[in-house]
Amino acid sequence: MATTVTTPAAAAAAPPRRSVFLGIDVGTGSARAGLFDELGKLLGSASSPIQIWKQGDCVEQSSTDIWLAICTAVKKALSISGVAGEEVTGIGFAATCSLVAVDSEGQPVSVSLSGDTRRNVIVWMDHRAIKQAEKINSFNSPVLQYCGGSISPEMQPPKLLWVKENLQESWSMAFRWMDLSDWLSYRATGDDTRSMCTTVCKWTYLGHAHMQHVDEKSSRDMEACGWDDDFWEEIGLRDLVDGHHSKMGRSVAFPGHPLGCGLTPDAAKARKFCNGEFTLISSGVSAELGLLTGTPVATSLIDAHAGGVGVMESVPNSEAKDSDDDAICRRMVLVCGTSTCHMAVSKNKLFIPGVWGPFWSAMVPEYWLTEGGQSATGALLDYIVDNHVASSHLANRAASQNISLFQMLNNLLQQMMHDMETPFIAALTSDLHILPDFHGNRSPIADPKAKGMICGLNLDTSERQLALQYFATVQGLAYGTRHIIEHCNEHGHKIDTLFASGGLSKNSLFIQEHADIIGCRIILPRESESVLLGAAILGAVAAKKYSSLREAMKALNAAGQIIYPSKDPRVKKYHDAKYRIFRQLYEQQLSHRSIMAEALS
């Protein structure tokens, strides 16, 4: 096919293109793509499932499968929204903080005991490296003070150490170790620049080494000066320091930084955009993404952090004028999906035991990020519901009514409140208490060995009993979030407003219970797909539509519904009592552990 070049006259005659920003989010179970206009409104979105392998504490995925799912989701989103590929002005990626291994040719390197070469991703929730995390924490390195005092098995150093100790051949073959969102931007552009978000939050990179690099000119091609080489040598991973840290990141950049010359021809075979002009190199659509070669691609974010970017400035119009440095520091974002991340920012660094951070510029540039979390929220609700004998029958009823199973449970609880004449809905669980640490406690206790507890079971196997167990689990998760917020405020934060996003934020019962239990209003964003919006905002910044990430957030975030705590003093008294029991459950568990450890000694 002949190559043609657009002339200045032809370019001048062409009608102005609208700016559409593409956000791509890879979650635990699917890849999603969303297209947003210049007002931050969602034009269309689509998803595609991704494969996952689970065996014990090992949870693995395939980067090849993930990329194919992304391509499918992007093409579906373009079709659904009626957006042409050439209208996409900028692209941003967000993904779980999973660990990807590739060789020198960019091909997958297995991280699985099965030896399956497809399985080159250790998923964020994988807990195979608990012993390695304990070993790393025993050295008490100074970098650990920026991880809440101890490193989690969900972070990358323990996982890397596990691979070195258990899969020597894979360790030798791996040429790059990357966070999943960094691998996605690398796959799209060929630029190996890592994100300040991923490296700081999951790799112990000290982002504040770049405090002098906040402007665009000085941030371009920043050398990775925040690695603590002594830490990597001390924990037995000195070989990752070799080659100027090339295996884990020789350069880093702030979120939203444009990478390379944008999409490479391999990722988007259509036209090339560079230096402000488009050059036609092929009239065919891309075999992969259906976008223009050269479309700006941004340095990425972890998915939860993209959710923060997509919602943190979603204040009502009446408050927008007062949205200053102090206002943003009184907010916490809850990104509620398979797990929940709790993120707040501050102008000064706040060291909070058991809570990750402070991470400089890991989400909002020039702010310190505090990151709490619960390792299983949506996953725990699914577990509680799916493993109850009444689940399948209730699911069939929900399907016949064309509503979700969780909406069916919420409706059932409302009916039970009326039938039992309870003073308020929360009182239904007065005899049922749940500690939701079924996958350990990430914050603020930072105990990966913590277990879930249920107090108040009986022989009832009815749908109503299932509804109560589900409801008590929702409350347990909300008590856990209250614990995190109280702990953060005790250590310097002044959080008084919550923003919620993610799949669970669409559950009205889940959100109202959080408001009642925590005692804060919860602002929901106008656009429910805040992680996709956050990723799209990165693309808008990379395309130079905004001068900074904060400016783009203010322009594209918008508030939706506001949920207020109950004004009934009985509700507060009730939840204060259940919260005391919640806190006691973990103390009892520690006592039980001690008794059994002594018995086995």
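Everything numeric in this text was worked out from a predicted model, so none of it was measured.

What about the pairing of strand 3 (residues 42-49)?
Consideration 1: Where strand 2 (residues 30-36) lies against strand 3, seven bridges are found, and the strand directions are antiparallel. Across the sheet, residue Phe 36 finds its bridge partner in strand 3, namely Leu 42.
Consideration 2: Between the end of strand 2 and the start of strand 3, which pair antiparallel, lie five residues, with Gly 40 showing a positive phi angle near 80 degrees.

Some thoughts on the UniProt feature "domain: Carbohydrate kinase FGGY N-terminal" (unreviewed entry) in the protein chain
Consideration 1: UniProt records the feature "domain: Carbohydrate kinase FGGY N-terminal" (unreviewed entry) at residues 21-198, using the numbering of this structure.
Consideration 2: Annotation note: span residues 21-198, helix share 33%, strand share 27%, distance between end C-alpha atoms 22 Å.

Notes on the sheet that holds strand 1 (residues 20-26)
Consideration 1: With mixed pairing, the five strands of this open sheet are ordered in space as 3-2-1-6-15. Pairing within the sheet leaves two strands with one partner each, and these edge strands are strand 3 and strand 15 (301-302).
Consideration 2: With two bridges joining them, strand 6 (residues 88-95) and strand 15 adopt parallel strand pairing. Its bridge partner being in strand 15, Ala 95 is matched across the sheet by Ile 302.
Consideration 3: Most of the contacts of helix 2 (residues 63-81) go to strand 3, to which it runs at about 150 degrees, and overall it touches strand 1, strand 2, strand 3 and strand 6.
Consideration 4: Contacts between helix 6 (residues 180-189) and the sheet are confined to strand 1, strand 6 and strand 15, with strand 6 contributing the most and set at about 145 degrees to the helix.

Thoughts on the pattern of salt bridges
Oppositely charged side chains are able to pair whenever their charged atoms sit close together.
Consideration 1: All chains considered together, the criterion is met by 29 salt bridges.
Consideration 2: Between Arg 18 and Glu 87 there is a salt bridge, and its shortest N-O distance comes to 2.6 Å. Of the two residues, Arg 18 sits in the loop between helix 1 (8-13) and strand 1 while Glu 87 sits in the loop between helix 2 and strand 6, which places them 69 residues apart along the sequence.
Consideration 3: The partner of Lys 202 in a salt bridge is Glu 371, with the nearest N and O atoms 3.7 Å apart. Here Lys 202, found in helix 7 (residues 196-203), pairs with Glu 371, found in strand 19 (residues 368-374); they are 169 residues apart in sequence, far enough to count as distant.

Regarding the nonpolar core
Consideration 1: Leu 160, Trp 177 and Trp 232 are the most contacted members of the largest nonpolar core, which totals 91 residues.
Consideration 2: With ten residues, the top contributor of residues to this core is helix 19 (residues 530-542).
Consideration 3: Dropping the residues within four chain positions of it, Trp 177 is found in contact with Leu 99, Val 100, Ala 101, Val 111, Leu 160, Val 163, Trp 171, Arg 194, Trp 203, Leu 240, Lys 247 and Met 248.
Consideration 4: Leu 380, Val 385, Leu 432 and Ile 484 belong to the second largest nonpolar core, which has 55 residues in total.

Criteria and cut-off values
Residues numbered from 1 in each chain as written. Predicted model: local features only at pLDDT ≥ 70, side-chain atom pairs only at ≥ 80, totals over all residues. Heavy atoms only, no water. Pairing = 2+ DSSP bridges. Helix = DSSP H or I, 4+ residues; strand = E, 2+ residues; numbered from the N terminus. UniProt positions renumbered as here; feature names shortened; annotations may be inferred. Contact = heavy atoms within 4.5 Å. Axes fitted to C-alpha atoms, helices over the stretch in contact; angles between N-to-C directions. Salt bridge = Lys/Arg side-chain N within 4 Å of Asp/Glu carboxyl O. Core = buried A, V, L, I, M, F, W, Y, C linked by side-chain atoms within 4.5 Å. Buried < 20%, exposed > 50% of the residue type's maximum accessible area, 1.4 Å probe, protein only.

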